Amino acid sequence: GQQLNQSPQSMFIQEGEDVSMNCTSSSIFNTWLWYKQDPGEGPVLLIALYKAGELTSNGRLTAQFGITRKDSFLNISASIPSDVGIYFCAGLMDSNYQLIWGAGTKLIIKP
Amino acid sequence: EPEVTQTPSHQVTQMGQEVILRCVPISNHLYFYWYRQILGQKVEFLVSFYNNEISEKSEIFDDQFSVERPDGSNFTLKIRSTKLEDSAMYFCASSPFYEQYFGPGTRLTVT
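Residues numbered from 1 in each chain as written. Chains lettered and ligands numbered in written order. Predicted model: local features only at pLDDT ≥ 70, side-chain atom pairs only at ≥ 80, totals over all residues. Heavy atoms only, no water.

Colleague: How should the nonpolar core be read in this particular structure?
Modeller: Burial of nonpolar side chains together is a common tendency in soluble globular proteins. Counting residues in hydrophobic clusters, the biggest one holds 23 residues, and the most contacted among them are A:Trp32, A:Trp34 and A:Leu74. Listing elements by their share of this core, those giving two or more residues are strand E2 (10-14), strand E3 (19-24), strand E4 (31-37), strand E5 (44-49), strand E7 (61-65), strand E8 (71-76), strand E9 (85-92) and strand E11 (105-110) of chain A. Setting aside its immediate chain neighbours within four residues, A:Leu74 contacts A:Val19, A:Ser20, A:Met21, A:Trp34, A:Ile47, A:Leu61, A:Thr62, A:Ala63 and A:Tyr87. Of all hydrophobic cores here, the second largest spans 21 residues; its members include B:Ile26, B:Phe75, B:Ile79 and B:Ala88. (Core = buried A, V, L, I, M, F, W, Y, C linked by side-chain atoms within 4.5 Å. Buried < 20%, exposed > 50% of the residue type's maximum accessible area, 1.4 Å probe, protein only. Helix = DSSP H or I, 4+ residues; strand = E, 2+ residues; numbered from the N terminus. Contact = heavy atoms within 4.5 Å.)

Structure below.
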């Protein structure tokens with residue numbers, strides 16, 4: 001089936017640093033969604049992207065829909081302790097409404 | 001802000017028993033989904049539901065699973081005869097079109 005390759009798998013950063021993560025695929029997607037999941041909770045939608053090249057911000061978060069429609073990027077600026085968690089990308093293809101998920105990027109802030 | 005709710009938050013059942021997981025989607029949404037997440041793994045699609053019928057289902061969603069929208073508000077997932085490997089977090093999601101909003105999940109433990 002379709003796969004999304006999400007990287008990095010985990011990140012250890014200092015508070016205040018900027019963070020970047022991305023998802024790539026061999027398939028074309030028409031929508032990219034970025035979620036954050038805290039332990040024991042459901043994924044929370046952060047940003048939705050609908051057009052190739054689209055750049056969208058949500059506070060300190062910025063995500064981009066790749067021009068090829070096969071990738072997406074999420075950046076977090078000036079990280080704070082509450083940013084810790086697992087970030088997932090998810091994509092929707094033209095043919096259906098089944099979300100295809102990346103494996104997640106675990107963000108850990110070094111004390 | 002409207003949100004998806006799920007009950008119970010935790011369900012413990014014996015192997016072979018039937019369980020029903022309940023969800024109340026966001027009221028004006030048209031598309032409904034069930035996902036599961038085994039501990040430490042990515043979110044997996046089970047089924048999508050639109051216009052009172054299943055629109056897509058994954059290989060995981062076999063004859064042991066069924067979904068129902070018994071009234072205008074509830075959306076249920078039934079597992080007829082649970083197996084040990086059904087132990088996971090089960091998430092309900094609803095969507096007005098593309099963006100999917102997740103509930104807090106039900107942790108199912110099969111013993």
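Don't stop here, the text continues.
Colleague: Any chance you could explain the packing of aromatic side chains here in plain terms?
Modeller: A complete count under the given rule lists 18 aromatic pairs over all chains for this structure. Considering the side-chain rings of B:Phe97 and B:Tyr98, the 4.4 Å spacing of their centres and the 50 degrees angle between planes classify their relative orientation as tilted. Assessed through its relative accessible area of 35%, B:Phe97 is described here as partly exposed. Judged by its relative accessible area of 25%, B:Tyr98 is partly exposed. Each residue in the set A:Tyr35, A:Phe88, A:Trp101, B:Tyr33, B:Tyr35, B:Phe45, B:Phe91 and B:Phe102 is aromatic and connected to the rest through ring pairs, giving one cluster. (Phe/Tyr/Trp six-rings, centres within 6.5 Å; stacked < 30°, edge-to-face > 60°.)

Colleague: What is the right way to read the pairing of E5(A) from this model?
Modeller: Each regular strand displays side chains that alternate between the two surfaces of the sheet. All names here are of chain A. Within E5, 5 of the 6 residues are buried, leaving the element largely enclosed by the surrounding structure. One ladder, built from 5 bridges, connects E4 with E5; its direction is antiparallel. Residue pairing in the sheet places Leu-33 in a bridge with Ala-48 of E5. In sequence, E4 turns back onto E5 through a hairpin of 6 residues, with Gly-40 there showing a positive phi of about 75 degrees. (Pairing = 2+ DSSP bridges.)

Colleague: Looking at this structure, I do not really get the sheet that holds strand E7 (residues 65-68) of chain B. What am I missing?
Modeller: Two strands in a sheet stick together by hydrogen bonds in their backbones, pointing the same way (parallel) or opposite ways (antiparallel). Residue and element names in this part refer to chain B. Strand order in this open sheet of 4 strands is E1-E3-E8-E7, and the pairing throughout is antiparallel. The open sheet has two edge strands, strand E1 (5-7) and E7, and neither has a second partner. Going from strand to strand, the sheet's axes swing by 20 degrees on average, the running direction of each strand aside. Relative to strand E8 (residues 75-79), strand E3 (residues 19-24) runs antiparallel, the two sharing 5 bridges. In the sheet register, Arg-22 faces E8, and the bridge partner there is Thr-76. (Axes fitted to C-alpha atoms, helices over the stretch in contact; angles between N-to-C directions.)

So far we have only geometry, and geometry alone does not tell us how the molecule works.
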